[in-house]
Amino acid sequence: YFIQRNRLIAGFAKATWIVQSGYRSGALNTAHHALQLERPVYATPAFPGDPAFLGNENLLSTKSEFVRPLWSAEDLSNTWMDLFS
C-alpha cells in the first residue's frame, strides 16, 4: 500500500521535500505524484554521481518549473510564504 500512501501524502501536502533519494525510492514516487498535482517539490542537491542521491539528481535535472533545489534554509524562506497563498 506504499504507492497509494505516497499518492495521499502528495495530495495532502502543499509541498514535498526530497532530502535523500536513490535511483528508485518511495520518496521519488511521492515527488512524481506531487509534480502531477503541480505542487512544489524541493530536492536537496548533493555531490554529482553519489548513488544515495541519484533520485535527487534526476529530479533537479528535470526542467519542471515545480522542482527547486534546496541549498539552505534561506532558499526555503524565499518561497515558503508562496505555499500559503
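Placed above this text is the structure.
Every value quoted in this text rests on a predicted model; they were computed, and no experiment measured them. (Residues numbered from 1 in each chain as written. Predicted model: local features only at pLDDT ≥ 70, side-chain atom pairs only at ≥ 80, totals over all residues. Heavy atoms only, no water.)

Quick notes on the overall build of the chain
Then, in step 1: A count of helical and extended segments in the chain gives four helices and three strands.
Then, in step 2: Element order for the chain, N to C, with α for helix and β for strand: α-β-α-β-α-β-α.
Then, in step 3: The C-alpha atoms of the chain give 12 Å as radius of gyration, which agrees with the globular expectation for 85 residues (12 Å, within 12%).
Then, in step 4: Taken over 85 residues, the chain has a buried fraction of 31%.
Then, in step 5: Partitioning the contacts of the chain with sequence separation of at least 6, the portion at a separation of at least 24 is 69%.
Then, in step 6: Total accessible area on the chain is roughly 5900 Å²; 61% of this is exposed by carbon and sulfur atoms.
Then, in step 7: Taking the average place of the 7 positive charges on the side chains of the chain and the average place of its 7 negative ones, the gap between the two points comes to 12 Å. (Helix = DSSP H or I, 4+ residues; strand = E, 2+ residues; numbered from the N terminus. Rg over C-alpha atoms; globule rule 2.2 N^0.38 Å. Buried < 20%, exposed > 50% of the residue type's maximum accessible area, 1.4 Å probe, protein only. Contact = heavy atoms within 4.5 Å. Areas by Shrake-Rupley, 256 points an atom, 1.4 Å probe, with all protein chains shown as cover. Lys, Arg positive; Asp, Glu negative; His and termini not counted. Charge placed at Lys NZ, Arg CZ, Asp CG, Glu CD.)

Overview of helix α2 (residues 26-36)
Owing to its 3.6 residues per turn, the α-helix brings residues three or four apart onto one side.
Then, in step 1: Restricting attention to buried positions, one finds in α2 the residues Leu28, Asn29, Thr30, Ala31, His33, Ala34 and Leu35.
Then, in step 2: For α2, the elements touching its buried residues are α1 (2-12), β1 (16-18), β2 (41-43), α3 (54-61) and β3 (67-69).
Then, in step 3: Near the N-terminus of α2, the side chain that reaches the backbone nitrogen of Ala27, with its oxygen 3.4 Å away, is that of Ser25.
Then, in step 4: One or two steps after α2, the chain reaches Glu38, where phi turns positive at roughly 60 degrees. (Polar contact = N/O pair within 3.5 Å; in protein donor to acceptor, adjacent residues only side chain to side chain.)

Quick word on the sheet that holds β1
Then, in step 1: In spatial order, the strands read β1-β2-β3; together these three strands make up an open sheet with parallel pairing. Of all strands in the sheet, those bounded by a partner on one side alone are β1 and β3. On average, each strand axis in the sheet is inclined to that of its neighbour by 25 degrees, with strand direction left out of account.
Then, in step 2: By the bridge criterion, three bridges tie β2 to β3 in an arrangement that is parallel. The partner of Tyr42 across the bridge, within β3, is Arg68.
Then, in step 3: Lying on the sheet, α3 is in contact with β1, β2 and β3; it crosses β3 at an angle near 115 degrees. (Pairing = 2+ DSSP bridges. Axes fitted to C-alpha atoms, helices over the stretch in contact; angles between N-to-C directions.)

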